[in-house]
Amino acid sequence: MKTKEITEKKMMGKSTRAGLLVVIVAIITLEATSLIQYYYSQRGIKQEASLRAQSELRSAENEIMGIVDQAEGAVRNSLWVAEWCLDNPDSLVRVPQRVVENNPVVVGSTIALVPGYSKKHPLYAPYATRNSETGEIQTLSLATDDYDYPSQEWFTKPLELHGGYWSEPYYDEGGGNMLMTTFSMPVMDRNGKVAAILTADISLQWLTELMGSIEVYPNAFSTVVSRNGQIMVCPVESLVMNKNVLQFAAESSDSDALSSINEAMLSGQEGEMEVRYKGEENRIYFAPVERTGWSLSIVVPEKEMFAGVRKVGRLVTILQLLGVVMIVIILRVIAKNQMKYKKLATQKELIQNELRIGHEIQMSMIPKTFPAFPERTDLDFAATLIPAKEVGGDLYDFYIRDEKLFFCIGDVSGKGVPAALVMSVTQSLFRAISAHETNPSKIVISMNNSMSENNESNMFITFFCGILDLTTGLLRYCNAGHNPPMLNTEKLPVLPNFPLGVMPGMVFQEQETRLEYDDTLFLYTDGLTEAENASAEQFGEERMEAFLGTKRNAQALLDTMQEAVDCFVSDAPQSDDLTVLVIHYMAHPATEQQERHLILHNDIQQIPQLAEFVETIAEEKQLDQSLAMSLNLALEEAVTNVILYAYPKGADGLVDVEAILKPHSLEFIITDSGVPFDPTAVPEADVTLSADERPIGGLGIYLVNKLMDELHYQRIDDKNVLSMKKNI
Amino acid sequence: MNITIENANNITIAKLAGRLDTPASSEVTPIFEQLQNSADGTVVLDCTNLAYISSSGLRLFLTLRKAASAKGGKVILRSISNDIRQVFMMTGFLNLFEIE
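Residues numbered from 1 in each chain as written. Chains lettered and ligands numbered in written order. Predicted model: local features only at pLDDT ≥ 70, side-chain atom pairs only at ≥ 80, totals over all residues.

> Can you walk me through the overall build of chain B in this structure?
For chain B, the count of helices and strands is three helices and five strands. Listing every helix and strand of chain B by position from the N terminus yields β-β-α-β-α-β-α-β. Every one of the 100 residues in chain B was classed for burial, and the buried ones make up 45%. When contacts within chain B are restricted to residue pairs at least 6 apart in sequence, those whose partners lie at least 24 apart make up 74%. (Helix = DSSP H or I, 4+ residues; strand = E, 2+ residues; numbered from the N terminus. Buried ≥ 20, exposed ≤ 12 C-beta atoms within 10 Å, placed from the backbone. Contact = placed C-beta atoms within 7 Å.)

So, in structure tokens, the structure goes:
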């Protein structure tokens, strides 16, 4: 047991280790696959996002450039008119009017003379603007006291640069209250001297719309910053034109990251960068807009960008975890099952062992030494019992007592252990009851009563019990629901009766028959006739009957029958217990009875004749002297009784004495035609009284009663018939 | 059935020989009546040669025993065979007689 436990533990350890290895390999494989997949998906997404962003930026830039070009064109194409008008400064007012009129993108325009260029107009800046409601062109003058135009950026920068210049964006306060930017260019006179600055204002309203229409990812946004870092477009309204990106970066906790992107963007580079802002990674794609110095950017939170792939990744991880859990569960179930099967196998072995012991006990209960009676020449006996399982519900028994063969065969309903328990009870009961009973029906009735009480499992037993007088061949038997035995090749006539154990108090009738020399009684349980082959056919009574009578010897017949059944059943498993008993009677039955007859007159002097009659019988039966004397005494008393009292005084009468000599008993029938008298009705004499109290008579009948085994009185045809029996 | 009677020292010894069956009993009834006369003393019934006894014989024994008890005498049975002892036992007679 100890070593078994250790091996079990070892086995457990082995299988656990193998299971662990499988799980680890599975996890590594799954994780590696998903990591690779994740990496490549991310790279793909990044590339794709980059391409999309670049293309969006390019198209936005193109659109911006279109408008920028229009505005620049409007100014450049008006330069010659301005130059031409310089000669007559008052006519210069037509130039901005023309610019606004001819170019819908231009919301306002001015031509501002360089101070001192015209003597007549030291400061001169007519400004034409389109009324946003009526669309009419209005003209104002910018040369006012509170607007020092020569110091404005749009004025100074072109002078400085000697070329076109796009101003920083600004809010137009006088005009449409909108975000604007201005393109300005110096106007040269014929001498190549800068005479004035011509401008065109464009609204940046469309820019916000344009940038807002870029949709790369749901939460992505785009920005436009000016060359100085002024925020022109941004989803946060409050920042627009209020914050400079440099300032924004300086205030932010993520200033380092923001500074580097600012640097790249403000220096007019194109590209993409990863920026960590407020704990989240963002990918920023940026591109400059030529000439204006603006920088466009698209900001995509990485979370957003990788949302899909991360969702898939999570799903994959969950599935992998589930897979691993499933693998673990399956492995555990497999391991458990293996243990269970091992345990079951062990338990089965234990049960098998116990059943084997049960089998041995059961087999030891039935007599199975054959030949059973080697010393006997008058009986040839064979029996077999083959349980379908280790233990079974069939039984048989036999033994010889007083020259009588007691035998029985039985079949408990059901199979296996429950049947075996009932079988052993039945077997024991038969032994116990038949030990002091020579009447088969009494044995069966007694057994039935015992077995019916407390028969809670409702098991019953078909049972056949027989007692064969080996001397006379007289077979007395009682059947309790068992199939009829075969006498030679014919069925022994049996009353069906109920099986044992059905109900207490039932009566089982006895039957008898006489066996002749060489008769064979074949008893069997239905395991023989109902033996099935592989195609579920039964051996059947016909096949059985065909083999009966083929052999005289009991064992040979049994062997032949068994061989036939084995051959028929072949490989099919035995379906029921199989029991066969063969009784081969080989005695010449003794003449059962001899009869002697004596007729006496009712004269007391005839008694010696009776004594002689009895003496002859005693000699014939070789009875000992004391038994002979007992018989003599009983006969004398009975006959004296008739002689003295049956007939009236003086009347002549006869006493008929008939003796029936049986092998084991003597029967005397005393008949007279005298007055009716039943000696068995006479009260028994009290033999305990003292000499004085004792009556003189009354001892005769008393002695008859004591000396004989049975005493019966009958009045038949006006005759007293007294029969007495003595077993010898 | 043959009975011989001897008298000595106030003891009467009756020697019974043969079968004391019913006809024999009626035959020896007078002898037993005679024995009753000696029943004031001791009567010994010597059964050495008694082969058989039936109830009628037992009645003779019992009658003698009753007479003895009436007269203050006693009846002694001598040498009864085993078979007859069985009959006496069966009938309770062993208690009624002194057995030698």
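> Whenever I open this one, the packing of helix H8 (residues 307–365) of chain A against helix H9 (residues 416–434) of chain A confuses me. Can you help?
How two helices sit against one another is set out by the angle between their axes and by the gap between those axes. Residues and elements named next belong to chain A. Between H8 and H9, the shortest axis-to-axis distance is 11 Å and the interhelical angle comes to 25°. When the axes of H8 and H9 are compared, the pair comes out roughly parallel. The crossing of H8 and H9 is left-handed. Contacts between H8 and H9 involve Gly358, Gln362 and Met365 from the first element and Ala420, Ser424 and Gln427 from the second. (Axes fitted to C-alpha atoms, helices over the stretch in contact; angles between N-to-C directions. Parallel < 35°, antiparallel > 145°, perpendicular 65-115°, else oblique. Left-handed = near helix turned anticlockwise from the far one by under 90°.)

> Which parts of the structure should I look at to understand the sheet that holds strand S13 (residues 379–386) of chain A?
The strands making up a sheet associate through hydrogen bonds between their backbones, and the pairing can be parallel or antiparallel. All names here are of chain A. If you walk across this open sheet you meet the five strands as S13-S22-S21-S18-S19, and the pairing is antiparallel. Every other strand in the sheet has two partners, leaving S13 and strand S19 (490–491) as the edge strands with one partner each. Relative to S13, helix H13 (residues 554–569) is tilted by about 30°, and along the sheet it contacts S13, strand S21 (520–524) and strand S22 (578–585). (Pairing = 2+ DSSP bridges.)

> So what exactly am I meant to see when it comes to the nonpolar core here?
The nonpolar side chains of soluble globular proteins are, as a tendency, buried together. Counting 71 residues, the largest nonpolar core has Ala82, Ala196, Leu198 and Met232 of chain A as its most contacted members. For this core, the leading source of residues is helix H1 (residues 2–85) of chain A, giving eleven residues. Both domain 1 (2–203) and domain 2 (206–305) of chain A contribute no fewer than three residues apiece to this core. Met232 of chain A has contacts with Pro169, Leu179, Leu204, Leu207, Val224, Val225, Ser226, Val240 and Trp294 of chain A, leaving out every residue within four places of it along the chain. Formed by 65 residues, the second largest nonpolar core is a distinct cluster that contains Val614 of chain A together with Val75, Leu77 and Ile84 of chain B. (Core = buried A, V, L, I, M, F, W, Y, C linked by C-beta atoms within 7 Å. Domains from an automatic or database assignment.)

> Explain helix H10 (residues 440–452) of chain A to me, please; I cannot follow it from the model alone.
Every α-helix carries 3.6 residues per turn, so stepping three or four residues along brings you back to the same face. Residue and element names in this part refer to chain A. End to end, H10 covers 18 Å across 13 residues, agreeing with the expected 18 Å (1.5 Å per residue, within 8%). Within H10, burial applies to Pro440, Ser441, Ile443, Val444, Ile445, Met447, Asn448 and Met451. Phi turns positive one or two residues past the end of H10, at Asn454, with a value near 60°. (Expected span 1.5 Å × (residues − 1).)

> Any chance you could explain the sheet that holds strand S23 (residues 594–601) of chain A here in plain terms?
All names here are of chain A. Taken in spatial order, the five strands make up an open sheet running S23-S24-S25-S27-S26, and their pairing is antiparallel. This sheet does not close on itself; its edge strands, each paired only once, are S23 and strand S26 (710–716). Going from strand to strand, the sheet's axes swing by 15° on average, the running direction of each strand aside. In the sheet, strand S25 (residues 665–672) pairs with strand S27 (residues 719–727) via eight bridges, with the strands oriented antiparallel. For Leu666, the partnering residue across the bridge sits in S27 and is Lys726. Most of the contacts of helix H14 (residues 607–620) go to S23, to which it runs at about 170°, and overall it touches S23, strand S24 (654–661) and S25.

> Help me out: how do you make sense of the interface of chain A and chain B in this one?
Contact with chain A, which involves 23 residues of that partner, is made by 20 residues of chain B. Those elements that place two or more of their residues in the side of chain A that touches chain B are H14, helix H15 (625–645) and helix H16 (699–707) of chain A. Sorting elements by how many residues they give to the side of chain A that touches chain B places H15 of chain A first, with eight residues. Tallied by class, the residues present in the side of chain A that touches chain B amount to ten nonpolar, eight polar and five charged. (Nonpolar A, V, L, I, M, F, W, Y, C, P; charged D, E, K, R; others polar.)

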